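Now for the letters of each chain:
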Amino acid sequence: MPQQFDVAIVGARVAGSSLAIQLAQQGAKVILIDRALFPSDTVSTHVIYPATIERLARLGVLDGIMAHRPPPLYTAWHHQNRMFVAPHTPEHGRDWAICVRRSTLDGHLVERAEACGVTIDTAMTVTGLVGAGSPDDPVRGVTAYRDGVEHAIHADIVVGADGANSTVAKLVGAERERVMPTRTMLYYAYWTGVDGRNTQDFFFEPPWVCAHFPADDGHHVLTMNGPVELRRSIPDLEAFYLDKLASIPQLAGRLRHATKVSNVRGSPRLDGFYRRHTGPGWLLTGDAAHFKHPASAQGIGDALHAAEVIAAGIADGTWRSSYPEWREVTSRDLYAFCEFLADVPTDAGMRRVLDIAIQDPSAARAIVDIWSRTSAPWDAMARVPAMLEAAGPSPESVLAKYEGGSPLRLAS
Ligand SMILES: Cc1cc2nc3c(=O)[nH]c(=O)nc-3n(C[C@H](O)[C@H](O)[C@H](O)COP(=O)(O)OP(=O)(O)OC[C@H]3O[C@@H](n4cnc5c(N)ncnc54)[C@H](O)[C@@H]3O)c2cc1C
């Protein structure tokens, strides 16, 4: 006999486990299925901002995560010996971000889900659905394999929280839409022994941007971001990455006594997209539903926010419409801003941004609050003409390109 659940969630990281916790707290019988084992790492640089930190508190995992001592971070931008540093608008008294490795973050979420009564099935790969996902044949479960043995798991709702290359999306035919092609690649490695600071630092050396994020348990993330078309001219990525960091004097100084403790990882394939979010018996969340360039550092926060919206929609029976509508309203400006983020500023452009941010701390805060989602991107950029000129007159002017000039359609 197949196991029967109210909700089967494929993918147990931030999108899946945060939803599972809330559904279990609402009294639902939930299973989380993942081909990975936990705690484990995944490709992500994992900076999260005050509203997301508060969501982790509501999920009951913040104390456990903070026990790994991720330093509280303000945001600093540097260019040619000029810099500004700004706090974020406080949320529940916290005006800082944190950077938490995914083994720590996802590990605590999965543990909490299990404590809330969720069934956790790891090392299990979903390959098929029960039901086609059409109105007369709704999705009613999944088929999955572990050690070559097939398992059938039945559920009233199947959730694809299985990442950008979602199997559930493929099985229900939810194609990528409004695709924003990759313009900048992103690579990083973990380090220990880096001179610590309470800032996340971005260093602009056009056409490259490197960043330093102090993280949990004494680890540090050092990133390198640059035009994707240069990837083919870099035969030895590890050597190139080390040279790039060493070429930035402030970073080279911090790394003098440091050890690189991972290989360089990341991707030149970071296309943004939306997918249809819901259908009969199924829904997609996290990166499976909507992916945006990681320079926006929004994937984790969005996944946790979506979990709250979906859980409320499942509780009141409105999820098929309320969830896609929420996404459409909340994601547009940020998605448009991702195109701007993919363009590395020129020396002159960056100097003009820094001039304003250094002279006017409230403009500096507005800029960094684009990332904490308390400044609308175009409102913040209106205070910094060099950014506005590069970004375009409005989010709609950017998004129209990805819709062939027609108004945006709802994704459902
Ligand atoms: C280089 C990089 C840097 C980033 N930096 C940041 C950042 O600083 N801040 C931020 O907020 N976001 C960042 N992001 C985005 C963030 O990592 C993602 O938005 C987030 O991981 C999405 O979580 P998810 O739970 O939707 O999917 P994922 O984290 O991709 O998890 C999907 C899970 O599904 C499982 N799975 C997949 N297929 C199957 C299957 N068929 N059967 C069973 N299990 C399956 C996988 O094993 C995996 O565990 C970054 C992303 C990248 C690529």
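Everything here concerns the structure above.
Residues numbered from 1 in each chain as written. Predicted model: local features only at pLDDT ≥ 70, side-chain atom pairs only at ≥ 80, totals over all residues. Heavy atoms only, no water.

Visitor: Report on the overall build of the chain, specifying residues and quantitative values.
Guide: The number of helices and strands found in the chain is 14 helices and 21 strands. By the compact-globule yardstick of 22 Å for 412 residues, the chain fits well, its C-alpha radius of gyration being 21 Å. Oriented by its inertia axes, the alpha-carbon framework of the chain measures out at about 65 × 50 × 45 Å. Among the 412 residues that make up the chain, the fraction classed as buried is 56%. In the chain, of all internal contacts separated by at least 6 residues, the share reaching a separation of at least 24 is 73%. Here the chain has roughly 16,500 Å² of accessible surface; of this, 52% comes from carbon and sulfur atoms. (Helix = DSSP H or I, 4+ residues; strand = E, 2+ residues; numbered from the N terminus. Rg over C-alpha atoms; globule rule 2.2 N^0.38 Å. Buried < 20%, exposed > 50% of the residue type's maximum accessible area, 1.4 Å probe, protein only. Contact = heavy atoms within 4.5 Å. Areas by Shrake-Rupley, 256 points an atom, 1.4 Å probe, with all protein chains shown as cover.)

Visitor: Tell me about the pairing of strand β13 (residues 199-205), and please be specific about residues and values.
Guide: Both faces of the sheet carry side chains from a regular strand, because those side chains alternate between them. The buried fraction of β13 is high, at six of seven residues. Looking at chain direction, strand β4 (residues 74-79) and β13 are connected through five bridges and run parallel. When the sheet's bridge partners are listed, Thr-75 is paired in β13 with Gln-200. One ladder, built from five bridges, connects β13 with strand β14 (residues 208-214); its direction is antiparallel. Opposite Phe-202, over in β14, you have Ala-211 as the bridge partner. Joining the antiparallel neighbours β13 and β14 is a turn of two residues. (Pairing = 2+ DSSP bridges.)

Visitor: Kindly report on the packing of helix α1 (residues 14-25) against helix α4 (residues 102-115), identifying the contributing residues and their values.
Guide: A pair of packed helices is characterised by two quantities: the angle between their axes and the separation of those axes. With their axes 9 Å apart at the nearest point, α1 and α4 run at an angle of 25° to one another. By the angle class used here, α1 and α4 are roughly parallel. Seen from above, α1 lies across α4 with left-handed handedness. Contacts from Val-14, Ser-17, Ala-20, Ile-21 and Gln-25 in α1 reach Arg-102, Leu-105, Asp-106, Leu-109, Val-110, Arg-112 and Ala-113 in α4. In terms of residue class, the contact of α1 with α4 is built from seven nonpolar, two polar and three charged. (Axes fitted to C-alpha atoms, helices over the stretch in contact; angles between N-to-C directions. Parallel < 35°, antiparallel > 145°, perpendicular 65-115°, else oblique. Left-handed = near helix turned anticlockwise from the far one by under 90°. Nonpolar A, V, L, I, M, F, W, Y, C, P; charged D, E, K, R; others polar.)

Visitor: Could you give me a rundown of the site of the ligand, with the residues and numbers involved?
Guide: Taken together, 30 residues form the shell around the ligand, and within it Asp-34, Thr-45, Arg-102, Asp-287 and Ile-300 come nearest. A distance of 2.9 Å separates a nitrogen atom of the ligand from a polar atom in the backbone of Val-126. Computed on the free molecule, the ligand has an accessible area of 1,000 Å², of which 93% lies beneath the protein chains in the complex. If you list the elements that add at least two residues to the shell around the ligand, you get α1, β8 (125-130) and α8 (299-316). For the shell around the ligand, the residue count by class is 13 nonpolar, 11 polar and six charged. (Near = heavy atom within 4 Å. Polar contact = N/O pair within 3.5 Å; in protein donor to acceptor, adjacent residues only side chain to side chain.)

Visitor: Please give an account of empty space enclosed by the protein that cites residues and values.
Guide: Under the criterion given, the structure shown has one cavity of 30 Å³ or more. Taken as a whole, the largest cavity holds about 50 Å³ of empty space. Lining the largest cavity are Met-180, Pro-181, Thr-182, Arg-183, Leu-270, Gly-272, His-293, Cys-338 and Ala-342. For the lining of the largest cavity, the residue count by class is five nonpolar, three polar and one charged. (1 Å grid on protein atoms, 1.4 Å probe; cavity = no way out; pocket = protein on both sides within 12 Å on 5 of 7 lines; lining within 4 Å. Points joined across faces, edges and corners; volume = space filled by probe spheres on them.)

Visitor: Break down the packing of helix α2 (residues 50-59) against α8 for me, with residues and values.
Guide: Where α2 contacts α8, the axes come no closer than 9 Å and their chain directions differ by 45°. By the angle between their directions, the pair α2 and α8 is classed as oblique. Helix-helix and strand crossings are classified by hand; for α2 and α8 the assignment is left-handed. In this structure, α2 contributes Thr-52, Arg-55, Leu-56, Arg-58 and Leu-59 to the contact, and α8 contributes Ile-300, Gly-301, Leu-304, His-305 and Glu-308. When grouped by side-chain class, the residues that make up the contact of α2 with α8 number four nonpolar, three polar and three charged.

Visitor: So what's going on with the sheet that holds strand β11 (residues 177-180)? Residues and values would help.
Guide: Taken together, three strands build an open sheet; the order of strands is β11-β18-β21 and the sheet is antiparallel. The strands lining the two open edges of the sheet, one partner per strand, are β11 and β21 (290-291). With two bridges joining them, β11 and strand β18 (residues 272-274) adopt antiparallel strand pairing. Bridged to Met-180 within β18 is Gly-272.

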